[in-house]
Amino acid sequence: MDALQQAWAEADRLRLLPLRQGRSEEIVEAAESLPGIPASFEELWERLGELKHLTVTADQRAAFRLDEHAMSRTWAAKGSTGPCQVVGWGGGLGQC
């Protein structure tokens, strides 16, 4: 098993541990408190303050126009959880 597979196995084990201990309510509470993945660039833009180490230089209007594309939901989600450097979205550069 390589290091990545070992990490996934350990994460799975740790996720199941509270369930086996009868602490399912804690899991539900924790999951409800997590912010959801943005479904649009407009929503992502509203939540930029949550991404403390990210500087966005993109034009807001250009970013919002990306919501018209069929892949916008996927792109917005990746923009919130993806790489630290995003080049070309809305004509700008974002860096951590």
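Use the structure listed above.
Quick look at the structure, then. (Residues numbered from 1 in each chain as written. Predicted model: local features only at pLDDT ≥ 70, side-chain atom pairs only at ≥ 80, totals over all residues. Heavy atoms only, no water.)

1. Considering the packing of aromatic side chains
In total, this model carries one aromatic pair according to the counting rule given. A ring pair is formed by Trp 45 and Phe 64, whose centres lie 6.1 Å apart and whose planes are at 80 degrees; its orientation type is edge-to-face. Of this pair, Trp 45 sits in helix 3 (residues 41–46) while Phe 64 sits in helix 4 (residues 60–65), and the two are 19 residues apart along the sequence. A residue is classified by how much of its surface remains accessible, and Phe 64, at 26% relative accessible area, is partly exposed. (Phe/Tyr/Trp six-rings, centres within 6.5 Å; stacked < 30°, edge-to-face > 60°. Helix = DSSP H or I, 4+ residues; strand = E, 2+ residues; numbered from the N terminus. Buried < 20%, exposed > 50% of the residue type's maximum accessible area, 1.4 Å probe, protein only.)

2. Regarding the environment of Leu 16
Among the structural elements, Leu 16 can be located in helix 1 (residues 3–20). On the basis of relative accessibility, which here comes to 37%, the residue Leu 16 falls in the partly exposed class. Residues Leu 16 and Ile 27, 11 residues apart in the sequence, show an inter-C-alpha distance of 9.9 Å.

3. A closer look at helix 1
In a regular helix each residue adds 1.5 Å, so 18 residues correspond to 26 Å; helix 1 covers 25 Å between its end C-alpha atoms and thus fits that length. Measuring from the backbone nitrogen of Gln 5 back to the side-chain oxygen at the start of helix 1 gives 2.8 Å, which picks out Asp 2 as the cap. Count one or two residues on from helix 1 and you reach Gly 22, which has phi positive near 75 degrees. (Expected span 1.5 Å × (residues − 1). Polar contact = N/O pair within 3.5 Å; in protein donor to acceptor, adjacent residues only side chain to side chain.)

None of this, on its own, says anything about what the molecule does.
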